[in-house]
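# Structural overview for review
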Amino acid sequence: MATPSGGSRALRTRVAALAAIVALGGVLADASLPNRSAEAAARPDRGIHGRAHRPPAASREIYGYLPYWELDRGTAARIDYRLVTTIAFFAVPVRASGSLNRASSGYRAYVGRDARAVTNAAHARGVRVVPTFQLFDRGRLATLRGFLGSRAAQARFIREALALIARRAADGANIDFEPVPRSLTRPFVAFVGRFGKAMHARFPRSQLVVATPALASRDLIRRLGPRVDRIFVMAYDYHRSASRTPGPVAPLWRASLTVTDTIQRYLEEVPAAKVILGVPFYGYSWPVERRGRTVRVRSPAARWGGVHGVTYGGVLHWLADHPSVRVHREAGGGAWFRYWDRAHRTLREVHFETAGLAQAKFNVAIARGLAGVGIWALGSDRGVSGMRRALSAVYLHPVRAVSVGVAVGRPHPRRRPRQPCRAGTPRVAGRWPERSDGRARPTRGRGVPPSLCPRADVARARRRVAAARRQVSPHRHVPQRRIDLASASAELLAALLRRSTLSRPGCPASSGQGCQALVRTVPSVRVA
């Protein structure tokens, strides 16, 4: 039995232990909150200016990643700040302990002089600048599992990340953790929610963007939606370095898996206003061999020079130096070519994104109501202007055009020949098949074939075009009104063609039955 003094000593020990446990619980409970003393001490670095309160030049979000290897003294002068609304520095690595890897090239570049010049130039034009926090893990995912399984590690990351955002006067953050398997979806989303809550509390006007792959699970997409400001869809690498067959990096259509399919999957889970469509400014070069009628990547690829990533600018410069190489262009799939690699004695096949395909994706993003588009990566088009022209045509100086296909030929044998337009002549469809009783079907409503009164058709079509043009603003993108203008312009051209005398060899205008112009209008809008 213990003495009174011994019992008192034991009681004090137990109280101290309980107090320690309570204190530890308080620390863990506040782990997701920012360290206020660290925040108070964090001030913008010397020479860093905040973002000007002015809208960027582009009409929609253009989110561009700027890798550290593209950063040098001339980067600030090379970037066209009219064609970007957010610059995301890539990247600041994150350790399993939650600490930022300050010894990495990405971190040192972000806190360096060249990044400061880019930040100030962007901020002066109302462009956001944010750091990208990166955690890439493969195999057993030990680093990612360790980080997501530790609230203390996440709390440390939140403190250090917010301090870095304050130091560099950043306008938010980008999270790029790859891969995130289904088993880690819930802890990853919970972490993103804690970080976003802490960042928005500290920086109310900040923006949180999370990068997700094209084949992200629906559960991940659905759970991330309410917790982030934007989702950057990495709609590329449909054919990647590990692919067994070469192919387009980001096909828009005409493939088993396309960018169009990816957009549809995302829009079924999250609002379109939260989706940024990532567009690759790069491609791949594979060593290949023919096997019958197919072409496959040679294995092991390392023995034949390996698989290389190529930039849009690098490919065009190489092609300019090798004019004998034939380039093949595929609708919806970019371009590709083959050449003989003398150094490794193998045939190589290169697929890359073209400016025309990128521009088509920009228009798709507008038509689907997405928040905007993203670029991987800024600087990949150095020395060439195709991508910049595509961005400018869509988001800076939109050009509206209408294409109309016209076919001229003999009238259908069952169609009634054209009659002169007299006063009181009923409006009948000149291009529709007749009914079984031989009479032409009457015209009803809009969108039906025109009447047999060409002058009236022209006047009415001109009024429609004038009204549609008044509705379209040159500085805003209104897809429905653009289509109205296109259809109105197509109708006007069709009416003018009907009023004129059109014929083709073998179909003289003096034919007894008359030579009717069969006009097929196909309105299509180029750019936004």
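Residues numbered from 1 in each chain as written. Predicted model: local features only at pLDDT ≥ 70, side-chain atom pairs only at ≥ 80, totals over all residues. Heavy atoms only, no water.

## Let's talk about the confidence of the model for the protein
Summary statistics for the protein give a mean pLDDT of 80 and a share of 70% for residues scoring 70 or more. Across residues 18-40 the pLDDT falls below 50, and counting only partners more than four positions away or on other chains, this stretch makes 14 contacts in the model. Note that pLDDT drops below 50 for residues 473-483; the model gives that stretch 22 contacts with residues more than four away or on any other chain. (pLDDT = per-residue confidence, 0-100. Contact = heavy atoms within 4.5 Å.)

## Some thoughts on helix α8 (residues 185-202)
Compared with an ideal rise of 1.5 Å per residue, which puts 18 residues at 26 Å, α8 spans 26 Å between its outermost C-alpha atoms and is within 8% of the ideal. Among all positions in α8, only Thr 185, Phe 188, Val 189, Phe 191, Val 192, Arg 194, Phe 195, Gly 196, Ala 198 and Met 199 are buried. Where α8 is buried, its residues touch β3 (128-136), α6 (142-148), α7 (151-167), β4 (172-178), β5 (207-213) and α9 (218-224). (Helix = DSSP H or I, 4+ residues; strand = E, 2+ residues; numbered from the N terminus. Expected span 1.5 Å × (residues − 1). Buried < 20%, exposed > 50% of the residue type's maximum accessible area, 1.4 Å probe, protein only.)

## Some details on the nonpolar core
Counting residues in each nonpolar core, the largest one holds 117 residues, and the members touching the most others are Ile 87, Phe 133, Phe 157, Phe 188, Phe 195 and Tyr 395. In terms of residues, this core owes the most to one element, α7, which gives eight residues. Apart from the residues within four sequence positions on either side, Phe 157 is in contact with Val 94, Gly 98, Leu 100, Phe 133, Phe 147, Ile 175, Phe 191 and Phe 195. (Core = buried A, V, L, I, M, F, W, Y, C linked by side-chain atoms within 4.5 Å.)

## Describing the sheet that holds β5
Read once around its circumference, the closed barrel built from eight strands follows the order β1-β2-β3-β4-β5-β6-β7-β14, with strand pairing classed as parallel. Within this sheet the neighbouring strands show an average axis-to-axis angle of 25°, counted without direction. Examined bridge by bridge, strand β6 (residues 230-234) and strand β7 (residues 275-280) share three bridges and lie parallel to one another. When the sheet's bridge partners are listed, Phe 232 is paired in β7 with Ile 276. Strands β3, β4 and β5 of the sheet are contacted by α8, whose axis makes an angle of about 160° with β5. (Pairing = 2+ DSSP bridges. Axes fitted to C-alpha atoms, helices over the stretch in contact; angles between N-to-C directions.)

## A closer look at the pattern of salt bridges
Across all of its chains, the model carries 20 salt bridges by this definition. Here Asp 45 makes a salt bridge to Arg 168, at a shortest N to O gap of 2.7 Å. Placement of Asp 45 in the loop between α2 (36-41) and β1 (61-67) and of Arg 168 in the loop between α7 and β4 is noted, with a sequence separation of 123 residues between them. One exposure class covers both Asp 45 and Arg 168, and it is buried. Salt bridges sharing common partners tie together Arg 218, Asp 219, Arg 222, Arg 223, Glu 268 and Glu 269. (Salt bridge = Lys/Arg side-chain N within 4 Å of Asp/Glu carboxyl O.)

## Description of the packing of α7 against α8
As a packed pair, α7 and α8 sit with axes 10 Å apart at the nearest point and diverge in direction by 35°. At the point where α7 passes α8, the crossing takes the right-handed sense. The segment α7 lies against α8, with Arg 151, Gln 154, Phe 157, Ile 158, Ala 161, Leu 162, Ile 165 and Ala 166 engaging Phe 191, Arg 194, Phe 195, Ala 198, Met 199 and Arg 202. Of the residues in the contact of α7 with α8, the class split is 10 nonpolar, one polar and three charged. (Left-handed = near helix turned anticlockwise from the far one by under 90°. Nonpolar A, V, L, I, M, F, W, Y, C, P; charged D, E, K, R; others polar.)

## Side note on the pairing of strand β2 (residues 86-93)
Here β2 lies mainly inside the structure; eight of its eight residues are buried. Pairing between β1 and β2: five bridges, direction parallel. From the neighbouring strand, Leu 66 faces β2, where its bridge partner is Phe 89. Here β2 runs beside β3; their pairing, made up of six bridges, is parallel. Following the sheet pairing, Pro 93 is matched in β3 by Gln 134.

## A look at the environment of Phe 89
Along the chain, Phe 89 turns up in strand β2. By relative accessible area, Phe 89 is classed as buried at 4%. Separated by 18 residues in sequence, Phe 89 and Leu 71 have C-alpha atoms that sit 9.3 Å apart. Not counting chain neighbours up to four residues away, the residues in contact with Phe 89 comprise Leu 66, Leu 71, Tyr 110, Ala 115, Val 118, Thr 119, Val 129, Val 130, Pro 131 and Thr 132.

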